[in-house]
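Spelled out from the first residue to the last, the chains are:
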Amino acid sequence: MSSKIVKIVCISDTHGRTDDKEFPEIPDGDILLHAGDISKEGNRDHVSQFNDWLGTLPHQYKIVIAGNHDKMLDPDLDENAREMKRILTNCIYLEESAVYIKGIKFYGCPFSKKRVESTNYAFQMSTEELKSKWEKIPFDTDILLTHMPPYGINDLGNYSPDPQGCKNLLYEVTERVKPKLHLYGHIHNGYGSQKIGETMFVNAAIYDSAYHQPIVIDYQL
């Protein structure tokens, strides 16, 4: 493989199931990306289990964000969230933050839309609050990790015929940021990838009624 190609392995929504016998094998690559929902319902033991599992994988770099099920990582829901994040020693954890690897700028953002006011899930906000978060995504981001999908792109779920993604996120990604890769999960049934304009959109949710396979992208430097 050319030295100008970086092999990126994309996964999301593993939900504490990495030790299942049916869990898919993770392909080798240069960089592993995980777009949130490490746990099932904010299970603290899933953090160390997930970190140990990451330590068994051969990828030189592993980048992880949280999702709406990861209540143990949300300081508004768990007073020990800071300590929980420190357990993630086998990856780079991003939360409204960026990292440069091999000259590529990665930015991670864990937020998603609050569906019901009483729903006690992590990193969830109103549409207006989310808009302000998406506006903070750096314009020079090469690879964007969000937990929530953009509206209308691999975001059709099992419970509604309507797209489940965010229109404001779609606008920021397609009109302003235009990353080369946008990785997300959250809507498990929306698994898949497609290229629109300058951006490859990837919903890499692993867990569903049957496990999905990781999605591998050959990223051209």
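Refer to the structure above for everything that follows.
Residues numbered from 1 in each chain as written. Predicted model: local features only at pLDDT ≥ 70, side-chain atom pairs only at ≥ 80, totals over all residues. Heavy atoms only, no water.

## Here's the deal with the pattern of salt bridges
Which entries qualify depends on this criterion: Throughout this description, the term salt bridge denotes a Lys or Arg side-chain nitrogen within 4 Å of a carboxyl oxygen of Asp or Glu. By definition, any uninterrupted DSSP run of H or I lasting at least four residues is a helix, any uninterrupted run of E lasting at least two residues is a strand, and each is numbered from the N terminus. In this scheme, a residue with accessible area under 20% of its type's maximum is buried, one over 50% is exposed, and one in between is partly exposed, where area comes from a 1.4 Å probe on protein chains only.
Counted under the stated rule, the structure contains nine salt bridges. E96 is paired through a salt bridge with K133; the nearest N and O atoms lie 3.2 Å apart. With E96 in the loop between β4 (92-93) and β5 (97-101) and K133 in helix α3 (residues 127-134), the pair connects residues that are 37 residues apart, well separated along the chain. Residue classification places E96 among the partly exposed residues on the basis of a relative accessible area of 29%. For the salt bridge of R176 with E172, the shortest nitrogen-to-oxygen distance reads 2.4 Å. Of the two residues, R176 and E172 are both situated in helix α4 (residues 167-177); the distance of four residues between them amounts to about one turn of the helix.

## Here we look at the packing of aromatic side chains
Aromatic ring pairs are described here by two measures, namely the spacing of the ring centres and the angle between the planes. To be explicit about the condition: What counts as a ring pair is set by centres within 6.5 Å for rings of Phe, Tyr and Trp (its six-membered ring), and what kind of pair is set by the plane angle: stacked under 30 degrees, edge-to-face over 60, tilted for all other angles.
Enumeration over the complete set of coordinates arrives at five aromatic pairs. Ring geometry for F23 against W53: centres 5.7 Å apart, planes inclined by 85°, an arrangement best described as edge-to-face. Of this pair, F23 sits in the loop between β1 (5-11) and β2 (31-34) while W53 sits in helix α1 (residues 45-55), placing them 30 residues apart in sequence. Comparing F23 with W53 shows no difference in burial state: the two are buried. Judged by centre distance (5.9 Å) and plane angle (35°), the ring pair of F50 and W53 falls under tilted. With a gap of three residues between them, F50 and W53 both fall in helix α1, about one helical turn apart.

## Describing the packing of α3 against α4
Keep this limit in mind: Convention adopted: a line fitted to C-alpha atoms gives each axis, helices being fitted over their contacting stretch, and angles between N-to-C directions are expressed from 0 to 180 degrees. Angle categories: roughly parallel below 35 degrees, roughly antiparallel above 145, roughly perpendicular from 65 to 115, and oblique for all the rest. By definition, any crossing whose near helix is turned counterclockwise from its far helix by less than a right angle is left-handed, and any crossing with a clockwise turn is right-handed. The criterion used for residue contact is that any of the two residues' heavy atoms lie within 4.5 Å.
Orientation of α3 relative to α4, taken along the N-to-C sense of each, is 20°, at an axis distance of 9 Å. By the angle between their axes, α3 is roughly parallel relative to α4. When the axes of α3 and α4 are compared, the crossing they make is right-handed. Residue-level inspection shows T127, K131 and W134 of α3 in contact with α4, the latter providing N168, L169, E172 and R176.

## Regarding the sheet that holds β5
Note the threshold: Strands qualify as paired when DSSP identifies two bridges or more between them.
Pairing in this open sheet of six strands is mixed, and the strands run β5-β6-β9-β10-β12-β11 from one edge to the other. Each edge of the open sheet is held by one strand with a lone partner, namely β5 and β11 (192-196). Sheet twist, expressed as the average angle between the axes of neighbouring strands with direction ignored, equals 15°. For β11 and strand β12 (residues 199-203), the ladder comprises five bridges, and the chain directions are antiparallel. Within β12, the position partnered with S193 by the bridge is V202.

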